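So you can see what is in the structure, the chains are spelled out below.
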Amino acid sequence: MPAADQNTPAPEESEGGLLRDILFSFRKRCPVCRKGQLFSSFLEIAETCETCGAKLGDHDIGDGAVVFFIFLLGFSLIPMTWVLDIKFSLPIWGHVLFVGAAGGAIIFFLMPAVKAYIILLEFRHLRRPGDK
Ligand SMILES: [Zn+2]
């Protein structure tokens, strides 16, 4: 049996289904070994996995997750502001506080998971020149 490819997810873990992949993305772990840390800071991808040595930095997606969030926030926060204005007649500073806090919370909790999910999909479906 050939040695396991260092940059390929284990077969039993590579076909987990959408829900399993999404839940895994919230753990922010290496998509290859599923144990090492994916991020070296809040949204900075680690160059290599400390556990298996996979080259995670080669799969940094840059602003890919940000584009997704521009659409998500635009299509959710603007209608929410409109509904809040109709229902509660908030002053403008109330909108700024409430919608700003909601947008900040969404970004803080979901942005790393979305970035981890996109990197998981890249490792599964897109090979880089350094990958084996
Ligand atoms: Zn790893």
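Residues numbered from 1 in each chain as written. Predicted model: local features only at pLDDT ≥ 70, side-chain atom pairs only at ≥ 80, totals over all residues.

### Observations concerning the overall build of the chain
Next, step 1: Looking only at helices and strands, one finds 4 helices and 0 strands in the chain.
Next, step 2: Listing the helices and strands of the chain from first to last along the sequence gives α-α-α-α.
Next, step 3: Within the chain, buried positions represent 14% of all 132 residues.
Next, step 4: By sequence separation, contacts in the chain at least 24 residues apart represent 54% of the contacts at least 6 residues apart. (Helix = DSSP H or I, 4+ residues; strand = E, 2+ residues; numbered from the N terminus. Buried ≥ 20, exposed ≤ 12 C-beta atoms within 10 Å, placed from the backbone. Contact = placed C-beta atoms within 7 Å.)

### Brief notes about helix α4 (residues 92-125)
Next, step 1: Over its 34 residues, α4 extends 46 Å from the first C-alpha to the last, a length consistent with the 50 Å expected when each residue adds 1.5 Å.
Next, step 2: Its axis deflected by about 40 degrees at Leu110, α4 carries its strongest bend there, up to four residues before the proline Pro112.
Next, step 3: Taken together, the buried positions of α4 are Val114, Lys115, Ala116, Tyr117, Ile119, Leu120 and Phe123.
Next, step 4: Here the buried face of α4 lies against α2 (18-27) and α3 (64-88). (Expected span 1.5 Å × (residues − 1). Bend = angle between axes of the 7 residues up to and from the residue.)

### Digging into the confidence of the model for the chain
Next, step 1: Taken over all residues, the pLDDT of the chain has a mean of 83, while the share at 70 or more is 83%.
Next, step 2: Predicted confidence in the chain is weakest over helix α1 (residues 11-14), with a mean pLDDT of 48, and strongest over α2, with 92. (pLDDT = per-residue confidence, 0-100.)

### Remarks on the packing of α2 against α4
Next, step 1: The interhelical angle for the contact between α2 and α4, taken along N-to-C directions, is 120 degrees, at an axis separation of 8 Å. In terms of axis orientation, α2 runs oblique to α4. For the crossing formed where α2 meets α4, the hand is right-handed. Contacts from Asp21, Ile22, Phe24, Ser25 and Phe26 in α2 reach Ala113, Ala116, Tyr117 and Leu120 in α4.
Next, step 2: Its residues assigned to classes, the contact of α2 with α4 comprises 7 nonpolar, 1 polar and 1 charged. (Axes fitted to C-alpha atoms, helices over the stretch in contact; angles between N-to-C directions. Parallel < 35°, antiparallel > 145°, perpendicular 65-115°, else oblique. Left-handed = near helix turned anticlockwise from the far one by under 90°. Nonpolar A, V, L, I, M, F, W, Y, C, P; charged D, E, K, R; others polar.)

### Things to note about the packing of α3 against α4
Next, step 1: Put simply, α3 and α4 touch, their axes get as near as 10 Å, and they point 150 degrees apart. Considering the angle they form, α3 stands roughly antiparallel to α4. By crossing handedness, the relation of α3 to α4 is classed as right-handed. Between α3, through Gly64, Ala65, Phe68, Phe69, Leu73, Leu77, Met80, Thr81 and Leu84, and α4, the contact on the second element is made entirely by His95, Phe98, Val99, Ala102, Gly103, Ile106, Ile107, Met111, Val114, Lys115 and Ile118.

### Structural notes on the environment of Phe26
Next, step 1: Looking at where Phe26 falls in the secondary structure, it is placed in helix α2.
Next, step 2: Classification of Phe26 by C-beta neighbours within 10 Å gives partly exposed; the count is 14.
Next, step 3: In the structure, Phe26 is positioned 89 residues away from Lys115 in sequence and 9.7 Å away in space, judged by C-alpha atoms.

### Comments concerning the environment of Glu47
Next, step 1: Among the structural elements, Glu47 can be located in the loop between α2 and α3.
Next, step 2: Along the chain, Glu47 and Asp60 lie 13 residues apart, while their C-alpha atoms are 8.9 Å from each other.
Next, step 3: Among residues more than four places away in sequence, those in contact with Glu47 are Leu56 and Gly57.

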